[in-house]
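Reading the structure
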Amino acid sequence: YHARLAAAGMPSTTWLHAVSPGRMHVPSNDFSCMISTADFERLFLPGILRECRHMTHCIYHLDGPQALRHLDLLREVPEIQAIQWVQGLGNDWPILQWVPLIRRIQAAGKSVVVDLDLQDLEPLRLLEHLVVVHAPVARPDVVDRLIVEQQERGMQPGALQVAVDDGLFLLL
């Protein structure tokens, strides 16, 4: 499948709406929230490594606070370039309470994918090497302002990606 896309000059994509010029994959294991780190390492990590070896870019889907116990193992996997942190619902929102976790992931050289409300976008942008962000950004004036501010801050193009509500990614 990838060969056909590449031959047509098309990128690879996933359900996450991230794109790659190579092979893109989002490995995950939602069952991991119910098992110990030792069992995760023994039973599931080898399969995740096998999945990632064949890909150019991998974003691991880390689903919920109960799965955080496996983060240190995942941070050590060089084939995983990013972690999608799904913080959960209720008391797990807003995303700003998870900034220390985001920094911990980034300290391992990984990018971070998060979901957030639009009002949380501005404070979160203060992090260096920011993340892919899913936010309901439908207004062109908001997107234009974000692009100008990104340029004024001197951040590298592509340091921030915002997914608008129709699934389109904007590289800011």
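One can find the structure itself at the top, above this paragraph.
Below, the structure is looked at part by part. (Residues numbered from 1 in each chain as written. Predicted model: local features only at pLDDT ≥ 70, side-chain atom pairs only at ≥ 80, totals over all residues. Heavy atoms only, no water.)

1. Overview of the overall build of the protein chain
The secondary structure content of the protein chain amounts to 6 helices and 9 strands. Residues classed as buried in the protein chain amount to 44% of the 172 residues present. Intrachain contacts of the protein chain at a sequence separation of at least 6 include 56% that bridge at least 24 residues. Total accessible area on the protein chain is roughly 9300 Å²; 56% of this is exposed by carbon and sulfur atoms. (Helix = DSSP H or I, 4+ residues; strand = E, 2+ residues; numbered from the N terminus. Buried < 20%, exposed > 50% of the residue type's maximum accessible area, 1.4 Å probe, protein only. Contact = heavy atoms within 4.5 Å. Areas by Shrake-Rupley, 256 points an atom, 1.4 Å probe, with all protein chains shown as cover.)

2. Some words on the pairing of strand β6 (residues 111–115)
With 3 bridges connecting them, strand β5 (residues 82–86) and β6 associate as parallel partners. Bridging across to β6, Gln84 finds its partner in Val113. On the question of chirality, the crossover connecting β5 to the parallel β6 by way of helix α4 (residues 99–107) is right-handed. (Pairing = 2+ DSSP bridges. Right-handed = clockwise from strand over helix to strand, strands pointing away.)

3. Some points on the nonpolar core
Counting residues in each nonpolar core, the largest one holds 25 residues, and the members touching the most others are Phe40, Tyr60, Leu62, Leu74, Ile80, Ile83 and Trp85. Secondary-structure elements contributing two or more residues to this core are α2 (37–53), β4 (57–63), α3 (71–75), β5, α4 and β6. The element that contributes the greatest number of residues to this core is α2, accounting for 4 residues. Among residues more than four places away in sequence, those in contact with Phe40 are Asn29, Ser32, Ile35, Leu45, Ile48, Tyr60, His70, Leu73 and Leu74. (Core = buried A, V, L, I, M, F, W, Y, C linked by side-chain atoms within 4.5 Å.)

4. Some thoughts on empty space enclosed by the protein
Summed over the entire model, instances satisfying the criterion amount to 1 cavity of 30 Å³ or more. In this structure, the largest cavity encloses a volume near 30 Å³. Taken together, Asn29, Asp30, Ser32, Cys33, Tyr60, His61, Leu62, Asp63 and Ala67 make up the full set of residues lining the largest cavity. Here the lining of the largest cavity is composed, by residue class, of 4 nonpolar, 3 polar and 2 charged. (1 Å grid on protein atoms, 1.4 Å probe; cavity = no way out; pocket = protein on both sides within 12 Å on 5 of 7 lines; lining within 4 Å. Points joined across faces, edges and corners; volume = space filled by probe spheres on them. Nonpolar A, V, L, I, M, F, W, Y, C, P; charged D, E, K, R; others polar.)

On their own, these measurements won't tell you what the molecule is for.
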